[in-house]
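Read off the chains here:
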Amino acid sequence: MHWDKTLRRSTVIFSIAMICVFLACTKKQGARTIIQNKGSDTLVNVAQAWAERYHQVNQKVSIAVTGGGSGIGIAALINGTVDIANASRSIKPEEAQKAKQNTGKDAVLHVVALDAIAVIVSKDNPIKDISIEELQCIWGEGGACSKWSDVRNINVPGCANNEIVRVSRQSNSGTYQYFREAILGERRDFKLGSRDMHGSKDVVDLVEKTVCAISYTGMGYLSPNVRALCISKKRGQPCVEPTPQTALNRTYPIARELYMYTLGEPTGEIKAYLDWVRAPEGQKIVNELGYVSIAPPPKAE
Amino acid sequence: MQAVDAKALPALQTVELSSFHKRLRIWGEKIIEALILICGLSAIILVLGIFIFVFKEAWPFLLSRFSWREFLTSPEWYPDSATKVRYGALALFAGTASITIGSMVVALPVGLGTAIYISEFCSPRFKEIAKIVIEILAAIPSVVWGFVAIMILNPLIIKLFDVPIGLNILNASVILALMAIPVIVSIGEDALRAVPDAYREAAEALGATRLETTFRVVVPAAKNGLFAALLLGMGRAIGETMAVLMATGHSIHMPTSVFDSVRTLTATIAAELGEAPKGGEHYQALFTIGLFLFAISFIVNLTADFMVRGFRRKI
């Protein structure tokens, strides 16, 4: 009986202590803001770097960054589960409408960086430049180019049958959708039979190891073992290398803006974060990671 | 219960105490029985629930857009086409079938050979080591196998066979075989061990060599169990997602040789479900694939189950 009482008493004391600890914790949590940030794989490295650096600048805010693809980020924005969605393509009208329906707020676009899509081949492939026309012939549905000799008068050493191995991305990738739009226009599909990889890193790894391959990827993922081709509009015209300068002055034909979307005009900590991202300090990180910073002053749409 | 215990104890006689304990034990047993019943039922409810969920999501597509002809005979899978959306899953079925058969061709001799060696021929000490290593093989995450496929097997296949790309049926078959072998070995070895020693002794008494005993007596006696092991390994191969996504090349293509890249049903769901807006046509089409996949693995597991039952009855 005596034991019973002590036990009960200590249980009560323990519970009270736990509740106090719990309350103390939640109080501390309350002072900290967590911004949920999700979306484009192209942007995920930059977003991660921004989040880390910003946490040093402003200890009170932490930013949880996840990738998955632009489609996934925008889907999360529509469901209202993220504060900021990263996207490498602009939001589709039906998606914007759904967001409005679900949350009552408009999706607001913020340009945060520029990216040039590089067309890449193995460094053992002798080809140096390629035209948009030739890319259409390689990638488009119904396009006739299946061997490297169909494109140029070249033989790729070590490549069996001289076959063009198209390496692509899974279809929720913003890079995939932007490349399709930029090369084939809005009314044409990719040819079936491409090898679809599940991330930009896998694409570059595979092209490194495969002499026959051709693929495309954001500039930030380029490695010394793949060659980014010089792109011309038509065969015989002067070509443009994918560099920060050509992306910024829009002479490189496959360059795009990278976006962050918020629901409604951002306020408070989210606004402060987006402002920081677009300020010189945030844009410095963009350049460090191989992307192109937006021209100052930041372009707003 | 504790409070009753503490207050009642000093007043009670030993006889009453024992009857109290008896009652306690009966109640305890009933509670435990009920818990176990719930556990057992939960598995059934879960499977049924998953089936109903998959069916419910796929149902609108089956009613509206779905046509058996397009789904099963067209290789054109264009769920996000800019011009004309097409849902032909033939190439996906062909992909799943080809890598399943391919992986079984590789895993069958190796897996059964290992099982027979471990159970019949090797020394007890080596047996322990081999079993541990095989269990480790089973514990390697599938995404790691995917990296092995891209970074090691892909350049190796390009070099050895002089083909344009090494992510193909052969690559995926080898990777899947390596993933299925631990299953085949451990279940196959159980089946062989279940053969009574009397069979072996009788065979040896008749003058059979070790090899003859193994292949003429033990293996035939365990054949149902070995078959079940094979089918369970096959179930692993059909259901695997991440590794095949990377190893097959994930390319929509009707295969004509083992050096062709393919795409499987599972990998398609894994790659595309994240982008498909919930409740949309593409989403429902993916669930329809899931339904077919469910049916396939159900048939495989049911067959395996019948085999195992046959093998148990026999021994």
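Our subject is the structure that appears above.
Chains are numbered independently. Their residues run from 1 in the order of the written sequence. Going through the entries in the order they are written, you letter the chains from A and number the ligands from 1. Under the rules for a predicted model, residues below a pLDDT of 70 receive no local features and side-chain atom pairs below 80 are neither given nor counted, while totals for whole chains, interfaces and linings still include all residues. Excluded from the side-chain calculations are hydrogens and water; all other atoms, namely the structure's heavy atoms, are used.

Draft legend 1. Focus on the overall build of chain A. Helix and strand assignments come from DSSP, with helices taken as H or I runs of at least 4 residues and strands as E runs of at least 2, each series counted from the N terminus. Of the regular secondary structure elements, chain A holds 11 helices and 11 strands. Here the term buried applies to any residue with accessible area under 20% of the maximum for its type, exposed to any over 50%, and partly exposed to those in between, with areas from a 1.4 Å probe on protein chains only. Within the span of chain A, comprising 301 residues, buried residues form 52% of the whole. Residue contacts follow a heavy-atom distance rule, with two residues in contact if any of their heavy atoms lie within 4.5 Å. Look at the contacts in chain A between residues 6 or more apart in sequence, and 75% of them connect residues 24 or more apart.

Draft legend 2. How the structure looks around the pairing of strand β8 (residues 213-218) of chain A. Residues and elements named next belong to chain A. β8 sits mainly inside the fold: 6 of its 6 residues count as buried. Sheet topology note: the strand β4 (residues 107-122)/β8 ladder contains 5 bridges and is antiparallel. Within β8, the position partnered with A118 by the bridge is T217. When DSSP finds two or more bridges between a pair of strands, those strands are recorded as paired. Of the strand pairs in this sheet, strand β6 (residues 165-169) and β8 are connected by 2 bridges, and their pairing is parallel. Looking at β8, one finds that R166 is bridged to I214.

Draft legend 3. Summary view of the packing of helix α4 (residues 90-121) of chain B against helix α9 (residues 210-221) of chain B. Residues and elements named next belong to chain B. Only C-alpha atoms enter the line fits that serve as axes; for helices the fit covers just the stretch in contact. Angles between N-to-C directions range over 0 to 180 degrees. Where α4 contacts α9, the two axes come as close as 12 Å, and the packing angle between them is 115 degrees. Considering their axes alone, α4 and α9 lie roughly perpendicular with respect to each other. Of the two elements, α4 crosses α9, and the hand of that crossing is right-handed. Here I116, E120 and F121 of α4 come into contact with α9, specifically with R210, L211, T214, F215, V218 and V219. Classifying every residue of the contact of α4 with α9 gives 6 nonpolar, 1 polar and 2 charged. The scheme is simple: roughly parallel for angles under 35 degrees, roughly antiparallel for over 145, roughly perpendicular for 65 to 115, oblique for anything else. By the definition used in this description, the sense in which the near helix is turned from the far one sets the handedness, with an anticlockwise turn below a right angle giving left-handed and a clockwise turn giving right-handed. Under this grouping Gly is polar, as are all residues other than the nonpolar Ala, Val, Leu, Ile, Met, Phe, Trp, Tyr, Cys and Pro and the charged Asp, Glu, Lys and Arg.

Draft legend 4. The state of the cysteines, seen in detail. All names here are of chain A. For this text, the term disulfide refers to a pair of cysteine sulfurs within 2.5 Å. All chains considered together, the criterion is met by 3 disulfides over all chains. Each sulfur of the disulfide joining C230 and C239 lies 2.0 Å from the other. A torsion of 100 degrees about the S-S bond marks the disulfide between C230 and C239 as right-handed.

Draft legend 5. Main features of the interface of chain A and chain B. Taken together, the 30 residues of chain A in the interface contact 33 residues of chain B. Roughly 2,800 Å² of surface becomes buried between chain A and chain B when both sides are summed, with 56% attributable to carbon and sulfur atoms. In terms of surface lost to chain B, no three residues of chain A exceed L192(A), R195(A) and K209(A), which account for 21% of the buried area on that side. Any Lys or Arg side-chain nitrogen found within 4 Å of a carboxyl oxygen on Asp or Glu counts as a salt bridge. Inspection of the region where chain A meets chain B yields 3 salt bridges. Here a polar contact is recorded for every N or O atom pair within 3.5 Å, except that within protein the pair must consist of a potential hydrogen donor and a potential acceptor, and residues adjacent in sequence are included only if both atoms are side-chain atoms. Taken together, the links from chain A to chain B amount to 13 residue pairs in polar contact (both at pLDDT 80 or more). Put simply, buried area is the surface a 1.4 Å probe can reach on two separate parts but cannot reach once they are joined, added for both.

Draft legend 6. Representation of the environment of V258(B) within the structure. Residue and element names in this part refer to chain B. As for its position among the elements, V258 is in the loop between α11 (242-247) and α12 (265-272). As for V258 and G102, which are separated by 156 residues in sequence, their C-alpha atoms are 8.3 Å apart. Leave out the neighbours within four places in its chain, and V258 touches N168, I169 and L170.

Draft legend 7. Highlighting a nonpolar patch on the surface. All names here are of chain B. Distance thresholds for patches are 9 Å for like charges and 5 Å for nonpolar side chains (Val, Leu, Ile, Met, Phe, Trp, Tyr), applied to residues having over 30% relative accessible area and no salt bridge. Method for areas: the Shrake-Rupley scheme with a 1.4 Å probe, in which residue coverage is limited to the protein chains shown. A cluster of nonpolar side chains, contributed by L37, L41, I44, I45, L48, F51, I52, F55, W59 and L63, occupies part of the molecular surface with about 1,000 Å² of accessible area. Within the secondary structure, I45 is located in helix α2 (residues 14-63). On the basis of relative accessible area, I45 is assigned to the exposed category, the value being 55%.

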